[in-house]
Structure formats: C-alpha cells, structure tokens
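Summary of the model geometry
So you can see what is in the structure, the chains are spelled out below.
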Amino acid sequence: MSLSYEFSIGSVRARENRLLKKADLEQLMNMKSEADIVTFLKDKGYPDRESTAQMLDASRDDMWTYIRSVAPDINIFEPFFLQNDIHNFKTILKGVMFKKSYEGLLLSPNTVDPELIKKTVETRKFDKLPQWLREPAAKGYELLAHTKDARLSDGAVDRALLERLIALSKASRSHFLEEYFNTFAFYANIKTALRASRAKITMEFLEASLCECEGFDKDKTKKMIMSGFDRLIKYLETVSSYDCRTAIRLYKEKPSEFERFVDNKLMKLAREMCRLSNEGPEPLFGFYIGCEYERKAVNIISNGVRTNTAPEIIRERMRETYG
C-alpha cells in the first residue's frame, strides 16, 4: 500500500511530541554525571546504550528507520543526504592522500557509496561519481595534490554542494527548502568571507569557494575581502538579506553568537514553515531537523557535564529547539 502525506503528517505529529522540551534540556544541564544523563534519556525513550554517544548514534538510526517507514518518497531528503556525501568525499580524500584512518568519521545516509568514493580517489576516475560531483571532485583532488591546502580543496567541493542544494531545492517546488537552503548557502558564503578576510587568501580561493545565491553579491564581497577585514565588516553591515546586519552585529560582539544566530535562524524557519504546515513533505523535514538539533543539544550538554562545565556556560552554547 502506498503511503500518503496525510498519513505521514499524522504520524509525525504524534512522534514529534516525544522530542525533548526546553525544560528537559535545562534538567540535563544540571545533572552531575553522564550516567545520570544516560538514565534520563533512557526514560525519555532513547535506545538503551551504555554511553550518551552510543545513544545518540542509535537514535539517529532509529529516526531514519522511522522516516523511511512513513515517508511517501524518501528521495525528498536528498538535499540532506548530499551533505553527508560531501563530508564523506572530503574525509576519504584526505584519508587516502595523507594515509590516515577515516572509517570512523563517515556519515550516513548518503547517496554515494563511500567505497565508490575511495575507488575514484585512488584511481582518479571521477567519472564514476554522480555528474554534479565529477568536476568538483577532480578539482578538489588536484588542488589538494598540488598545494596540500585542504582549505582550498574543501572550498571547491563545498561550493559544488551549495550550488547543488540550491538547484535541488528550487526544483522541489518546496518553498521551505528554497528558503532554508538559500539561507544556508548565504551564511556559508558569509562565514567563508569572514574567515578569508583574516587569513592570507588568494582570489583563486575566493573563486573556488564562494557560490552564487539570492541576496549575495559575490563580486562586491570578493572585493571587500581583498580590501581587508574592516572594510568587509562595514560592507556586510549594509547587507539586509537574511538579517545579515543583525548577524554581523553579533559577530562583532562575539563570533560564537554569530554562529548561534545562524543556527537559530534555520531552526526558526523549520518551526514556522514545517511545524505549522498541514500538507506536503514539510512536516517530515521539520521533524528531521528537530531530531538533529536535539542530538546536537544533548551532545553539547553531555560534553559539558563530562568536563564539569558550569550550566550557564553550557547554556550559552545551546541552540533553539523544534519543540
């Protein structure tokens, strides 16, 4: 029997009520040990495992098993899978070229078999990869081989990912995916610009790393980067797209607040456009994003408790939740 979005939305609405609330996260922050966190999470329905890390890994597996069971078409999640593909390509490329172990760093689900990526890197036959990835993969390889500059190599494949995400979201006809990934790409560019302006970079790096997206003036930004950090900041303070002015004000106060602002902006999009939606795939997207943010929050708290970090410091690192 084929599934319908009407069925999947009803199921997701019931399942998302199990997500941790802000009060739950506050309670976690005040726990004294990881053992206490493990017990708390088990009581909240997390898989029974010995450590927080194992519970989070198992919960991700359970999430995808559930989503596959209710989604009328799992291919709608391709834009999210591609992010794992690019992570895996960069990880395998560095592992093979520098002869370092990488297997424990690979992510799933993905659309490209990591073993295939390994073979393409070893043989340099990048035509075996999906068409959108072939040229960027070859370029990333050549840049790393000739310059040993992982940053330059990563920039080339990251740009290809951003362009692919924008194209897929536009083709999806999902207003949420378009808004989400345009925002994602815009701030990926801004982050690259801020880092580049503080480092010794070349125009080659900027050309390879910055992508075209709505609200972003690539040529003007490149010019400002090459003019120095102060001029770049002054320019970005004039950019109104995606609340950039607010983001840059926060960056000037504290870079970590800028990072949190960007993450929270993406979460707000999910809450406003997915949690309140009653049709199409958006509720499924929102549930997935909510689960991912919850796992990140639990990981931050767990690491903080393990290192005896004060709750107020942990709280500063937290992002907004889907619940």
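Scroll up to find the structure.
Described in the following lines is the structure provided in the data block. (Residues numbered from 1 in each chain as written. Predicted model: local features only at pLDDT ≥ 70, side-chain atom pairs only at ≥ 80, totals over all residues. Heavy atoms only, no water.)

**Examining the overall build of the protein chain**
What counts, and what does not: Each helix corresponds to a stretch of at least 4 residues labelled H or I by DSSP, and each strand to a stretch of at least 2 residues labelled E; elements are numbered beginning at the N terminus. To get the radius of gyration, use the C-alpha atoms; to get the globule rule, take the number of residues to the power 0.38 and multiply by 2.2 Å. Relative accessible area decides the class of each residue, using a 1.4 Å probe on protein chains only: under 20% of the type maximum gives buried, over 50% gives exposed, and in between gives partly exposed.
Summing up its helical and strand segments, the protein chain has 16 helices and 0 strands in all. A compact globule built from 323 residues would reach a C-alpha radius of gyration of about 20 Å, and the protein chain, at 21 Å, matches this within 12%. C-alpha extents for the protein chain along the principal axes are approximately 55 × 45 × 40 Å. Taken across its 323 residues, the protein chain has 49% of its residues classed as buried.

**Details of the state of the cysteines**
A covalent bond between the sulfur atoms of two cysteines is what we call a disulfide. Selection criterion: Pairs of cysteine sulfur atoms within 2.5 Å are what we label disulfides.
Enumeration over the complete set of coordinates arrives at 0 disulfides. In this structure Cys211 is a free cysteine whose sulfur lies 4.8 Å from that of Cys213, the closest cysteine sulfur available. Unpaired in this structure, Cys274 has its nearest cysteine sulfur neighbour in Cys291, at a distance of 13 Å.

**Remarks on the side chain of Thr183**
Here is the rule: Any pair of residues with heavy atoms lying within 4.5 Å of one another is described as a contacting pair.
With respect to the helices and strands, the residue Thr183 is situated in helix 9 (residues 175–197). Aside from chain neighbours lying at most four places away, what touches Thr183 is Tyr242, Lys265, Leu266 and Leu269.

**Structural notes on helix 6 (residues 114–123)**
The condition that has to hold: Directions drawn from the helix axis to the C-beta atoms are what define this arc.
For helix 6, the full list of buried residues reads Pro114, Ile117, Thr120 and Val121. Along the axis of helix 6, the buried residues cluster in a sector spanning 120 degrees; they form a single face. Summarising the contacts, the buried residues of helix 6 are in contact with helix 5 (78–98) and helix 7 (131–147). In the stretch just after helix 6, Arg124 is the one whose phi turns positive, near 60 degrees.

**Structural notes on the packing of helix 2 (residues 22–29) against helix 3 (residues 34–43)**
Put simply, the rule is: Between N-to-C directions, angles span 0 to 180 degrees; the directions come from axes that are lines fitted to C-alpha atoms, helices contributing only their stretch in contact. Angular relationships are summarised with four words: roughly parallel below 35 degrees, roughly antiparallel beyond 145, roughly perpendicular across 65 to 115, and oblique for the angles in between. Residue polarity follows a fixed list, in which Ala, Val, Leu, Ile, Met, Phe, Trp, Tyr, Cys and Pro are nonpolar, Asp, Glu, Lys and Arg are charged, and the others, Gly among them, are polar.
At a closest axis distance of 10 Å, the pairing of helix 2 and helix 3 adopts a crossing angle of 155 degrees. With respect to each other, helix 2 and helix 3 are oriented roughly antiparallel. Residues Asp24, Gln27 and Leu28 of helix 2 pack against Ile37, Phe40 and Leu41 of helix 3. Partitioning the contact of helix 2 with helix 3 into residue classes produces 4 nonpolar, 1 polar and 1 charged.

**Here we look at a positive patch on the surface**
To keep things clear, this is the line we draw: Put simply, a patch holds well-exposed residues, over 30% relative accessible area, that have no salt bridge, with like charges counted together within 9 Å and Val, Leu, Ile, Met, Phe, Trp or Tyr side chains within 5 Å. Areas reported here follow the Shrake-Rupley algorithm with a probe of radius 1.4 Å; residue values treat only the protein chains shown as occluding. A pair is scored as a salt bridge if a Lys or Arg side-chain nitrogen falls within 4 Å of a carboxyl oxygen belonging to Asp or Glu. Neither His nor the chain ends contribute to the count of charged residues, in which Lys and Arg are positive and Asp and Glu negative. Here the site of a charge means NZ on Lys, CZ on Arg, CG on Asp, or CD on Glu.
A contiguous patch of positive charge, built from Lys220, Lys223, Arg231 and Lys234, is present on the exposed surface. Counting only elements with at least two residues in the positive patch, the list comes to helix 11 (218–227) and helix 12 (229–236). Relative to the helices and strands, Lys220 is located in helix 11. Looking at Lys220, the relative accessible area reads 35%, which means it is partly exposed.

**Some details on the environment of Ser169**
Selection criterion: Here a polar contact is taken to be a pair of N or O atoms separated by no more than 3.5 Å, where protein atoms must pair a possible hydrogen donor with a possible acceptor and residues adjacent in sequence count only if both atoms sit in side chains.
Counting through the fold element by element, Ser169 comes out in helix 8 (residues 150–172). Residues Ser169 and Lys265, spaced 96 residues apart in sequence, show a C-alpha to C-alpha distance of 18 Å. Sequence-distant contacts of Ser169, defined by excluding residues within four places in its chain, comprise Ser174, Leu177, Glu178 and Phe181. A polar side-chain atom of Ser169 sits 2.9 Å from the main-chain carbonyl oxygen of Ile166.

**Considering the packing of helix 9 against helix 15 (residues 282–306)**
Helix packing for two helices is described by the angle between their axes and how far apart those axes are. Remark: helix 9 packs on helix 15, axes separated minimally by 10 Å, with the N-to-C direction vectors making an angle of 35 degrees. Each of His175, Phe176, Leu177 and Tyr180 in helix 9 lies in contact with helix 15, whose residues at this interface are Glu282, Phe285 and Ile289. Each residue belonging to the contact of helix 9 with helix 15 can be placed in one class, and the counts come to 5 nonpolar, 1 polar and 1 charged.

**Observations concerning the environment of Glu272**
Structurally, Glu272 can be placed in helix 14 (residues 255–275). Owing to a relative accessible area of 54%, Glu272 belongs among the exposed residues under this scheme. Sequence separation of Glu272 and Phe181 is 91 residues, and the distance between their C-alpha atoms is 15 Å.

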